[in-house]
Amino acid sequence: QVQLVESGGGLVQAGGSLRLFCTASGRTFISNTMGWFRQVPGKEREFVAAISWSGSWISYADSVKGRFTISRDTAKKMVYLQMNTLHPEDTAVYYCAARMGATMTPPSEYDYWGQGTQVTVSS
């Protein structure tokens, strides 16, 4: 089993930066595809970024490409989301997720989820 806990969310001004952290535990962590998703009240959860366990495959949503960077440190069992040039539209609850299989982006393909961390971008 995999347990995920997000942290690093908070309030930031538009144009600012924020770094999210996801700590993972579990015997199969190294084999997981890790992803970041976000959700706004009343909207469906949407894909933000994902990374393979080795880091050789990375994918970003078009809306965040060039601004966000996903990375992972398998030794520390952590996944990061560096968010730069934040917009008010980035305001959402951000979730860390993991799947046991190959790299995928749809939320429905992920097996484990963290509790979420709130990111609020003020104008």
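Treat the numbers as computed from the prediction; the structure is a model and nothing was measured.

What counts and how
Residues numbered from 1 in each chain as written. Predicted model: local features only at pLDDT ≥ 70, side-chain atom pairs only at ≥ 80, totals over all residues. Heavy atoms only, no water. Pairing = 2+ DSSP bridges. Helix = DSSP H or I, 4+ residues; strand = E, 2+ residues; numbered from the N terminus. Axes fitted to C-alpha atoms, helices over the stretch in contact; angles between N-to-C directions. Phe/Tyr/Trp six-rings, centres within 6.5 Å; stacked < 30°, edge-to-face > 60°. Buried < 20%, exposed > 50% of the residue type's maximum accessible area, 1.4 Å probe, protein only. Disulfide = S-S within 2.5 Å. Polar contact = N/O pair within 3.5 Å; in protein donor to acceptor, adjacent residues only side chain to side chain. Contact = heavy atoms within 4.5 Å. Core = buried A, V, L, I, M, F, W, Y, C linked by side-chain atoms within 4.5 Å.

Visitor: Any chance you could break down the sheet that holds strand S8 (residues 78-83) for me, citing the residues and the numbers?
Guide: The strand order across the open sheet built from four strands is S1-S3-S8-S7, with neighbouring strands paired in antiparallel fashion. Two strands lie at the open edges of the sheet, namely strand S1 (3-7) and strand S7 (68-73), each paired on one side alone. The average undirected angle you get between the axes of adjacent strands in this sheet is 15°. Of the strand pairs in this sheet, strand S3 (residues 18-25) and S8 are connected by six bridges, and their pairing is antiparallel.

Visitor: Tell me about the packing of aromatic side chains, and name the residues and values.
Guide: Tallying each qualifying case throughout the model produces six aromatic pairs. With centroids separated by 5.0 Å and ring planes inclined at 75°, the aromatic side chains of Phe37 and Tyr110 adopt a geometry described as edge-to-face. Taken together, the residues Phe37 in strand S4 (residues 33-39) and Tyr110 in the loop between strand S9 (92-99) and strand S10 (112-113) connect sequence positions 73 residues apart. The same class applies to Phe37 and to Tyr110, which are both buried. When the ring of Tyr95 is compared with that of Trp113, the centres are 6.5 Å apart and the planes differ by 80°; the resulting orientation is edge-to-face.

Visitor: Can you tell me about the pairing of S7, naming the residues and giving the values?
Guide: Only one face of S7 is buried: it carries Phe68, Ile70 and Arg72, and the other face, with Thr69, Ser71 and Asp73, is open. Here S7 pairs with S8 via six bridges, running antiparallel. Bridge pairing links Ile70 to Leu81 in S8.

Visitor: Quick rundown of the state of the cysteines? Include the residues and the values.
Guide: Considering all chains together, one arrives at one disulfide under this definition. There is a disulfide in this structure between Cys22 and Cys96, and the S-S distance comes to 2.1 Å. As the torsion about the S-S bond is roughly -75°, the Cys22-Cys96 disulfide counts as left-handed. On the criterion of sequence distance, the pair formed by Cys22 in strand S3 and Cys96 in strand S9 is long-range, its members being 74 residues apart. Like Cys96, Cys22 is buried.

Visitor: Help me get a handle on the side chain of Ser52, residues and values and all.
Guide: Within the fold, Ser52 resides in the loop between strand S5 (46-51) and strand S6 (58-60). Judged by relative accessible area, which is 7%, Ser52 ranks as buried. Among the polar contacts made by the side chain of Ser52, one reaches the main-chain amide nitrogen of Ser56 at a distance of 3.3 Å. Setting aside residues up to four positions removed in sequence, Ser52 forms contacts with Asn32, Trp57, Arg72 and Thr103.

Visitor: Which residues make up the nonpolar core, and what values do they have?
Guide: Judged by nonpolar contacts, the single largest core of 32 residues is most densely connected at Trp36, Leu81, Met83 and Tyr94. Among the elements of the structure, S3, S4, S5, S7, S8, S9 and strand S11 (117-122) are those that each provide at least two residues to this core.

Visitor: Quick rundown of the pairing of S3? Include the residues and the values.
Guide: Side-chain alternation along S3 places Leu18, Leu20, Cys22 and Ala24 on a buried face and Arg19, Phe21, Thr23 and Ser25 on a face that remains uncovered. The sheet contact formed by S1 and S3 spans five bridges and is antiparallel. Its bridge partner lying in S3, Glu6 is registered against Cys22.

Visitor: Break down the environment of Leu18 for me, with residues and values.
Guide: Secondary-structure assignment places Leu18 in strand S3. Classification of Leu18 as buried rests on a relative accessible area of 15%. Along the backbone, Leu18 and Glu89 are 71 residues apart, and their C-alpha atoms lie at a distance of 14 Å. Not counting residues within four places of it along the chain, the set of residues in contact with Leu18 comprises Gly8, Gly9, Gly10, Leu81, Gln82, Met83, Leu86 and Val119.

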